[in-house]
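An overview of the molecular structure
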Amino acid sequence: MKTFQLTPENGRKSFGDKCHVLVRTNSHDEVISDLISYNTHVASYNHNTNIITVNGYFSQTTTTHINAFLKYYGFDQCTKQEMEKYYGK
């Protein structure tokens, strides 16, 4: 298991300790990256299936964290409404 801080995409130097990614292997030997924002699991990326799952809308700041997560893994950044396509997949 590995943890790293996510870097902002909006010109800020960092998110402080409010946003990090936890990379783990699940019981099916799939590599999963979990986005943790303000101690809440808000999104996941399955490296094996190339699928992002967002666990719902939380706040504008968390949306910024999710967009940095999307960009980090090669997905387009999106608005709150566009993000709904990633909900609970």
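Remember, it's a predicted structure, so these values are computed and weren't measured experimentally.

Moving on to the overall build of the chain. A count of helices and strands for the chain gives 2 helices and 5 strands. Tracing the chain from N to C terminus, the helices and strands come up as β-β-β-β-β-α-α. For 89 residues, the compact-globule estimate of 2.2 N^0.38 gives 12 Å, and the C-alpha radius of gyration of the chain, at 12 Å, lies within 12% of that figure. In terms of overall dimensions, the chain has a C-alpha envelope of 35 × 25 × 20 Å along the principal axes. Taking all 89 residues of the chain together, the buried fraction comes to 40%. Of the roughly 5300 Å² of accessible surface on the chain, a fraction of 46% belongs to carbon and sulfur atoms. Of the side-chain charges in the chain, 9 are positive and 8 negative, and the distance between the mean point of each set is 7 Å.

Take the sheet that holds strand E4 (residues 40-46) next. Taken in spatial order, the 5 strands line up as E1-E2-E3-E4-E5 in an open sheet, and their pairing is antiparallel. Only two strands of the sheet have a single neighbouring strand rather than two, namely strand E1 (2-5) and strand E5 (51-54). Neighbouring strand axes in the sheet, compared pairwise and without regard to direction, differ in orientation by 20° on average. By the bridge criterion, 6 bridges tie strand E3 (residues 31-37) to E4 in an arrangement that is antiparallel.

The subject of this paragraph is the pattern of salt bridges. Summed over the entire model, instances satisfying the criterion amount to 1 salt bridge. Residue Asp 34 is joined to Arg 24 by a salt bridge in which the shortest nitrogen-to-oxygen separation is 2.5 Å. Of this pair, Asp 34 sits in strand E3 while Arg 24 sits in strand E2 (residues 19-25), and the two are 10 residues apart along the sequence. Note on Asp 34: relative accessible area 5%, which makes it buried.

Counting 21 residues, the largest nonpolar core has Leu 6, Val 21, Leu 35, Ile 52, Phe 69 and Tyr 73 as the members making the most contacts within it. Of all the secondary structure elements, the ones that give two or more residues to this core are E2, E4, E5 and helix H1 (60-72). Of the residues forming this core, the biggest block, 4 residues, is contributed by H1. Apart from residues no more than four positions distant in its own chain, Tyr 73 is found in contact with Phe 4, Val 21, Val 23, Ser 33, Tyr 45 and His 47.

Glancing now at the packing of aromatic side chains. With the rule as written, the count across this model stands at 5 aromatic pairs. On the basis of an interplanar angle of 40° and a centroid distance of 5.3 Å, the ring pair of Phe 4 and Tyr 72 is categorised as tilted. Taken together, the residues Phe 4 in strand E1 and Tyr 72 in helix H1 connect sequence positions 68 residues apart. Assessed through its relative accessible area of 18%, Phe 4 is described here as buried. Here the aromatic residues Phe 4, Tyr 45, Phe 69, Tyr 72, Tyr 73 and Phe 75 are joined through ring pairs into a cluster of three or more.

Conventions used here
- Residues numbered from 1 in each chain as written.
- Predicted model: local features only at pLDDT ≥ 70, side-chain atom pairs only at ≥ 80, totals over all residues.
- Heavy atoms only, no water.
- Helix = DSSP H or I, 4+ residues; strand = E, 2+ residues; numbered from the N terminus.
- Rg over C-alpha atoms; globule rule 2.2 N^0.38 Å.
- Buried < 20%, exposed > 50% of the residue type's maximum accessible area, 1.4 Å probe, protein only.
- Areas by Shrake-Rupley, 256 points an atom, 1.4 Å probe, with all protein chains shown as cover.
- Lys, Arg positive; Asp, Glu negative; His and termini not counted.
- Charge placed at Lys NZ, Arg CZ, Asp CG, Glu CD.
- Pairing = 2+ DSSP bridges.
- Axes fitted to C-alpha atoms, helices over the stretch in contact; angles between N-to-C directions.
- Salt bridge = Lys/Arg side-chain N within 4 Å of Asp/Glu carboxyl O.
- Core = buried A, V, L, I, M, F, W, Y, C linked by side-chain atoms within 4.5 Å.
- Contact = heavy atoms within 4.5 Å.
- Phe/Tyr/Trp six-rings, centres within 6.5 Å; stacked < 30°, edge-to-face > 60°.

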